[in-house]
Every structure is written in C-alpha cells, then in structure tokens.
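Each chain, written out:
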Amino acid sequence: MHFYKKTIDDLFMSVGQVVGIHVFELVLERALWKTKLTYEEADMIQISEDGVSLQELTKIEPDRAVLVAHEFLINIVNTLGHLVGKQVAQQLTKELDTSIIEKK
C-alpha cells in the first residue's frame, strides 16, 4: 500500500502543479467514480485539496486493498491520458508497471 500512497502523492504534487489542484481533484474524482464501479470499497478513499488518503483501505483485507488502490491509480492515469494525450499516459503506465515489478 505504501507504494500506491507514495505514487498518488507524487502525482498529486507534480501533476497538480502543472494542471492546477482543482483540475487534478476533478481527475481524481472521476478516477474514484470509475474505481467504485468495480470496487465498492473505493468509498474508503478520501480526496481533498490537501491530497488523497488511502488510510481507510487498511481496514479491509490487504490483498483487496491493494487491488482497489491499483485500480484507482490506473484510473487516474487513464483519466490523465484523456486530458494530456495517450502518449504521456502510456509513458506513465510503463513507469508504474516498471516500479511495481521492481517493488516485488
């Protein structure tokens, strides 16, 4: 879970500075909505101007929490892809996949 929290925080800071916090919040809200379509536990993810909290996900089974966090992160990248273009989104996805493999 630490990996997902750190990655989302990094995205929040870097992308938030580029597109603006309020725009990035909308990206996060859309990603959360899409995640809720698959995982009802996504309701536990909290989004604010200060960042994203995955803390509540620690209350569910760890493997399930990772699935929810992963889906949320992928949905963030996909939503960003619609805004900034597929090439940037594919690069982000590739970097995330590499990071995930390295963490295992």
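So, how was this worked out
Residues numbered from 1 in each chain as written. Predicted model: local features only at pLDDT ≥ 70, side-chain atom pairs only at ≥ 80, totals over all residues. Heavy atoms only, no water. Helix = DSSP H or I, 4+ residues; strand = E, 2+ residues; numbered from the N terminus. Contact = heavy atoms within 4.5 Å. Areas by Shrake-Rupley, 256 points an atom, 1.4 Å probe, with all protein chains shown as cover. Core = buried A, V, L, I, M, F, W, Y, C linked by side-chain atoms within 4.5 Å. Buried < 20%, exposed > 50% of the residue type's maximum accessible area, 1.4 Å probe, protein only. Expected span 1.5 Å × (residues − 1). Axes fitted to C-alpha atoms, helices over the stretch in contact; angles between N-to-C directions. Parallel < 35°, antiparallel > 145°, perpendicular 65-115°, else oblique. Left-handed = near helix turned anticlockwise from the far one by under 90°.

1. Section: the overall build of the chain
At step 1: Regarding its fold elements, the chain presents four helices and two strands.
At step 2: Going from the N terminus to the C terminus, the chain shows its helices and strands as α-α-β-β-α-α.
At step 3: Pairs at least 24 residues apart make up 62% of the contacts formed inside the chain by residues separated by at least 6 positions.
At step 4: For the chain, the accessible surface area stands at approximately 6,500 Å², while carbon and sulfur atoms represent 54% of it.

2. Things to note about the nonpolar core
At step 1: In terms of nonpolar packing, the biggest core is built from 26 residues, with Phe24, Phe72 and Ile76 touching the most fellow members.
At step 2: Listing elements by their share of this core, those giving two or more residues are α1 (2–19), α2 (21–38) and α3 (62–84).
At step 3: Element by element, the count of residues in this core is highest for α3, at seven residues.
At step 4: Discounting chain neighbours no more than four positions away, the residues touching Phe72 are Ile8, Leu28, Ala31, Leu32, Thr35, Ile45, Ile47 and Val52.

3. Concerning α2
At step 1: Here α2 is 18 residues long and its end C-alpha atoms lie 26 Å apart, about the 26 Å a rise of 1.5 Å per residue gives.
At step 2: Packed against the buried residues of α2 are α1, β1 (46–48), β2 (51–53) and α3.

4. Observations regarding the environment of Leu26
At step 1: The residue Leu26 is located in helix α2 in this model.
At step 2: The spacing of Leu26 and Ile47 is 21 residues in sequence and 9.8 Å in space, taken between C-alpha atoms.

5. What to know about the packing of α1 against α2
At step 1: Closest axis-to-axis distance for the α1/α2 pair is 7 Å, and the angle between their directions is 125 degrees. On the basis of their axis angle, the class for α1 and α2 is oblique. Relative to α2, α1 is oriented so that their crossing is right-handed. Across the interface between the two elements, Leu11, Phe12, Val15, Gly16 and Val19 from α1 touch Ile21, Val23, Phe24 and Leu28 from α2.

By themselves, these figures tell us nothing about what the structure is for.
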